[in-house]
Amino acid sequence: MNQDDTDTMRDEYDFSKGVRGKHHKAYREGTNVVLLEPDVAEIFKDSASVNQTLRAIARLARTQAENLSGR
């Protein structure tokens with residue numbers, strides 16, 4: 001018996017109401033978890049505000065790059 005065959009499940013773990021594959025579809029579609037520093041999290045309270053701000057920055061960066069390449 002190798003180490004991988006030993007049961008390391010603790011008694012306090014209860015998966016009796018677990019649903020197999022519950023998040024499978026979402027993970028297949030792709031996930032991207034980002035941890036915000038506390039000071040940033042105070043400003044951006046939800047993912048919608050983060051996404052809105054990042055899209056605005058991306059538009060500005062794209063515009064700036066187009067302006068610089070046109071010189």
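Here the structure is a predicted model, which is why all the values come from computation and not from measurement.

Trainee: Before we go on, may I ask you to explain the overall build of the protein in this structure?
Mentor: Along the backbone of the protein there are 3 helices and 0 strands. Going from the N terminus to the C terminus, the protein shows its helices and strands as α-α-α. Taken along the three principal axes of its C-alpha coordinates, the protein extends 70 × 30 × 25 Å. Counting over 71 residues, the protein shows a buried share of 1%. When the accessible area of the protein is evaluated, it comes to approximately 7,500 Å², of which 51% is carbon and sulfur surface. When the 11 basic and 12 acidic side-chain charges of the protein are each reduced to a single mean position, those positions are 13 Å apart.

Trainee: What exactly am I supposed to notice about the pattern of salt bridges here?
Mentor: Opposite charge on two side chains makes pairing possible when the charged atoms of those side chains draw close. Summed over the entire model, instances satisfying the criterion amount to 1 salt bridge. We note a salt bridge from Arg 10 to Glu 12, for which the minimum N-O separation is 3.9 Å. Residue Glu 12 is classed as exposed on the basis of its relative accessible area of 56%.

Trainee: Honestly, a nonpolar patch on the surface in this entry has me stumped. Any pointers?
Mentor: Taken together, the side chains of Met 9, Tyr 13 and Phe 15 define a hydrophobic patch exposed on the protein surface, amounting to about 360 Å² of accessible area. Tracing the chain through its elements places Met 9 in the segment before helix H1 (24–29). Given a relative accessible area of 48%, Met 9 falls into the partly exposed group.

Trainee: Could you clarify how one ought to interpret the environment of Leu 36 in this entry?
Mentor: Examined against the element boundaries, Leu 36 turns out to sit in the loop between H1 and helix H2 (38–43). Discounting chain neighbours no more than four positions away, the residues touching Leu 36 are Ala 41, Phe 44 and Val 50.

Trainee: Mind showing me how you'd approach the confidence of the model for the protein here?
Mentor: Caution applies to low-pLDDT regions: their predicted coordinates should not be interpreted in detail. Averaged over every residue, the pLDDT of the protein is 88; the share at 70 or more is 93%. Averaged over each element, pLDDT in the protein is lowest for H1 (86) and highest for H2 (96).

What counts, and where the lines are drawn
- Residues numbered from 1 in each chain as written.
- Predicted model: local features only at pLDDT ≥ 70, side-chain atom pairs only at ≥ 80, totals over all residues.
- Heavy atoms only, no water.
- Helix = DSSP H or I, 4+ residues; strand = E, 2+ residues; numbered from the N terminus.
- Buried < 20%, exposed > 50% of the residue type's maximum accessible area, 1.4 Å probe, protein only.
- Areas by Shrake-Rupley, 256 points an atom, 1.4 Å probe, with all protein chains shown as cover.
- Lys, Arg positive; Asp, Glu negative; His and termini not counted.
- Charge placed at Lys NZ, Arg CZ, Asp CG, Glu CD.
- Salt bridge = Lys/Arg side-chain N within 4 Å of Asp/Glu carboxyl O.
- Patch = residues over 30% accessible without salt bridge, like charges linked within 9 Å, V, L, I, M, F, W, Y side chains within 5 Å.
- Contact = heavy atoms within 4.5 Å.
- pLDDT = per-residue confidence, 0-100.

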